Amino acid sequence: MEKITYYGETDGIALEQMVRYEKFDMRVKHFHTQYEIFYIVEGERVFFFNNREYIARAGDLILVDSNLIHMTRSVAGSNAGHNRIILYVSRNKMEEYDRIYPSLQLIRFFDDYYGVYHLDREQQGLILTLFRSVRHALDARQHNYKVGIDLDILSWLFKLMAFVRRQRREIPHDCDSPKYRAAYGIADYLSQNCERAISLDELADQFYLSRSYICRIFKEITGYTISEYTNIHRIRKAKRYLEETDMSISDIAHALGYESLTYFERMFKNYMTLSPLKYRKTLNTVTYTNGPQVAFTEEPHHDNFLDSVNASKSFVR
């Protein structure tokens, strides 16, 4: 069971709080052009990105870079839910911030510093103050509220950048475990060689493991099958080719190791909801592996933002 306790949006900015009351594993493995500022109010989550698994807990901040392949799920053996808030910033909005304040280099910051961070009390207070301020602006929609939201976000990002550069990012989970080292190594190998066909026999020879063991531990740790992980990396590259080059659809398919154009188009549509040709024409914002995009109205929905699970917290007003 889940409940969206708040959603509001304006040009290039969206704020959402969701509470899940039981175990939840994200079925949609995706990447998108939006940046995510993800804060865990209560509970804990496993994140998988950049070929590694990370554990994030209440009070932690997760910075998700544009076009970063990622997924999240419950901690193994736990049936507990979680309460999280996400501030979404579009790629266009971040580029706008960089044009206005080029010295901040926000796009480069997210590219260099995405990951999981343990916030101290002061930083937790700052991010919750930001969320409250953005929520209030989205609800009231007073004159120049969009400017106010931009200034609030930029002010918070300025403070966050100084904090993050002094902090150590969360290290990958169980990186000393042989099982995890194997899964991480396989993820690296697949992402680096996604343009060509990689068989289970090749992986078995490369890592001196049985094919069945490779399939089992990779799915257990990453949440992906071998073919899913190869395909999502291929489709992310295909997306860039479509956006940044004039290569034909068939040339892109061939460059990414697809022997069948029909299969490439089917995989692309599976991840992007559009065919390669339609994507090139429309340049969608968010990519999903399955299911339709969720549409939200401009009018915000809420009931007791920041209050649905953690009502005793001092930041609730």
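On a predicted model such as this, the values are computed, not experimentally measured, just so you know. (Residues numbered from 1 in each chain as written. Predicted model: local features only at pLDDT ≥ 70, side-chain atom pairs only at ≥ 80, totals over all residues. Heavy atoms only, no water.)

Engineer: Lay out the overall build of the protein chain with the relevant residues and their values.
Structural biologist: On a plain count of helices and strands, the protein chain comes out with eleven helices and twelve strands. Within the span of the protein chain, comprising 317 residues, buried residues form 49% of the whole. Considering only residue pairs separated by 6 or more positions, the protein chain has 70% of its internal contacts joining residues 24 or more positions apart. As presented, the protein chain carries roughly 15500 Å² of accessible surface, and 49% of it is formed by carbon and sulfur atoms. (Helix = DSSP H or I, 4+ residues; strand = E, 2+ residues; numbered from the N terminus. Buried < 20%, exposed > 50% of the residue type's maximum accessible area, 1.4 Å probe, protein only. Contact = heavy atoms within 4.5 Å. Areas by Shrake-Rupley, 256 points an atom, 1.4 Å probe, with all protein chains shown as cover.)

Engineer: Would you mind going over the layout of surface pockets in detail, with residue names and values included?
Structural biologist: Any space left empty among the atoms is revealed by the rolling of a water-sized probe across them. Here the second largest pocket defines a volume of roughly 850 Å³. As for the second largest pocket, its lining consists of 34 residues, and the residues nearest its centre are S66, N67, L68, R236 and R240. Where the lining of the second largest pocket is concerned, the elements lending two or more residues are β5 (44–49), α1 (91–100), α2 (106–113), α5 (178–192) and α8 (226–244). With nine residues, the top contributor of residues to the lining of the second largest pocket is α8. Split into classes, the residues belonging to the lining of the second largest pocket amount to eleven nonpolar, twelve polar and eleven charged. (1 Å grid on protein atoms, 1.4 Å probe; cavity = no way out; pocket = protein on both sides within 12 Å on 5 of 7 lines; lining within 4 Å. Points joined across faces, edges and corners; volume = space filled by probe spheres on them. Nonpolar A, V, L, I, M, F, W, Y, C, P; charged D, E, K, R; others polar.)

Engineer: Lay out the sheet that holds β5 with the relevant residues and their values.
Structural biologist: One open sheet accounts for three strands, arranged β6-β5-β8; its pairing is antiparallel. Either end of the sheet is taken by a strand with one partner, and the two such strands are β6 (52–57) and β8 (70–73). Neighbouring strand axes in the sheet, compared pairwise and without regard to direction, differ in orientation by 25 degrees on average. The sheet contact formed by β5 and β6 spans six bridges and is antiparallel. Residue pairing for β6: E44 is matched across the bridge by R57. (Pairing = 2+ DSSP bridges. Axes fitted to C-alpha atoms, helices over the stretch in contact; angles between N-to-C directions.)

Engineer: Report on the confidence of the model for the protein chain, specifying residues and quantitative values.
Structural biologist: Predicted confidence across the protein chain gives a mean pLDDT of 88, with 88% of residues reaching 70 or more. Segment residues 284–303 is flagged for pLDDT under 50; beyond a separation of four residues in sequence, or across chains, it makes 60 contacts in the model. Across residues 308–317, confidence stays below pLDDT 50; counting only partners more than four residues off in sequence or on other chains, it has 19 contacts. (pLDDT = per-residue confidence, 0-100.)

Engineer: With reference to specific residues and values, describe a nonpolar patch on the surface.
Structural biologist: Together, I100, Y101, V147 and L151 line one region of the surface with nonpolar side chains, adding up to about 360 Å² of accessible area. Relative to the helices and strands, L151 resides in helix α4 (residues 145–166). (Patch = residues over 30% accessible without salt bridge, like charges linked within 9 Å, V, L, I, M, F, W, Y side chains within 5 Å. Salt bridge = Lys/Arg side-chain N within 4 Å of Asp/Glu carboxyl O.)

Engineer: Outline the pattern of salt bridges, supporting the account with residue identities and numerical values.
Structural biologist: Enumeration over the complete set of coordinates arrives at 17 salt bridges. Ionic pairing is found between E53 and R73, a salt bridge with its closest N-O pair at 2.5 Å. In this pair, E53 sits in strand β6 while R73 sits in strand β8, placing the two residues 20 residues apart along the sequence. When its relative accessible area of 2% is taken as the criterion, E53 is described as buried. Taking the relative accessible area as the measure of exposure, R73 reaches 12% and is therefore buried. In this structure, K179 and E220 form a salt bridge, with 2.8 Å as the shortest nitrogen-oxygen distance. On the criterion of sequence distance, the pair formed by K179 in helix α5 and E220 in helix α7 (residues 211–222) is long-range, its members being 41 residues apart. With a relative accessible area of 26%, K179 lands in the partly exposed category.

Engineer: Can you lay out the environment of L15 for me, pointing to particular residues and giving the numbers?
Structural biologist: One can find L15 in strand β2 (residues 13–20). Between the C-alpha atoms of L15 and L87, which are 72 residues apart in sequence, the distance is 4.6 Å.

Engineer: Tell me about the side chain of N51, and please be specific about residues and values.
Structural biologist: Inspection of the secondary structure assignment puts N51 in the loop between β5 and β6. Within the structure, the side chain of N51 is placed 3.1 Å from the side chain of S191, a separation counted as a polar contact. (Polar contact = N/O pair within 3.5 Å; in protein donor to acceptor, adjacent residues only side chain to side chain.)

Engineer: Tell me about the packing of α2 against α4, and please be specific about residues and values.
Structural biologist: The contact between α2 and α4 brings their axes to 12 Å, and the two run at 40 degrees. Between α2 and α4, the angle falls in the class oblique. The handedness of the crossing between α2 and α4 is left-handed. On the side of α2, the interface is formed by L106, F109, F110 and Y113, while α4 contributes L154, L157, L160, M161, V164 and R165. For the contact of α2 with α4, the residue count by class is nine nonpolar, no polar and one charged. (Parallel < 35°, antiparallel > 145°, perpendicular 65-115°, else oblique. Left-handed = near helix turned anticlockwise from the far one by under 90°.)

Engineer: Let's hear about the nonpolar core: which residues, and what values?
Structural biologist: L190, L203, F218, Y224, I235, F264 and F268 are the most contacted members of the largest nonpolar core, which totals 38 residues. Those elements giving two or more residues to this core turn out to be α5, α6 (200–207), α7, α8, α9 (249–255) and α10 (261–272). A per-element tally of this core places α5 first, with seven residues. Among residues more than four places away in sequence, those in contact with F218 are A183, I186, A187, L190, G223, Y224, T225, I226 and Y229. (Core = buried A, V, L, I, M, F, W, Y, C linked by side-chain atoms within 4.5 Å.)

Engineer: Provide a residue-level description of the side chain of H233, including the pertinent values.
Structural biologist: In this structure, H233 sits in helix α8. Apart from residues lying up to four places away in sequence, H233 is in contact with N51, I69, S191 and C194.

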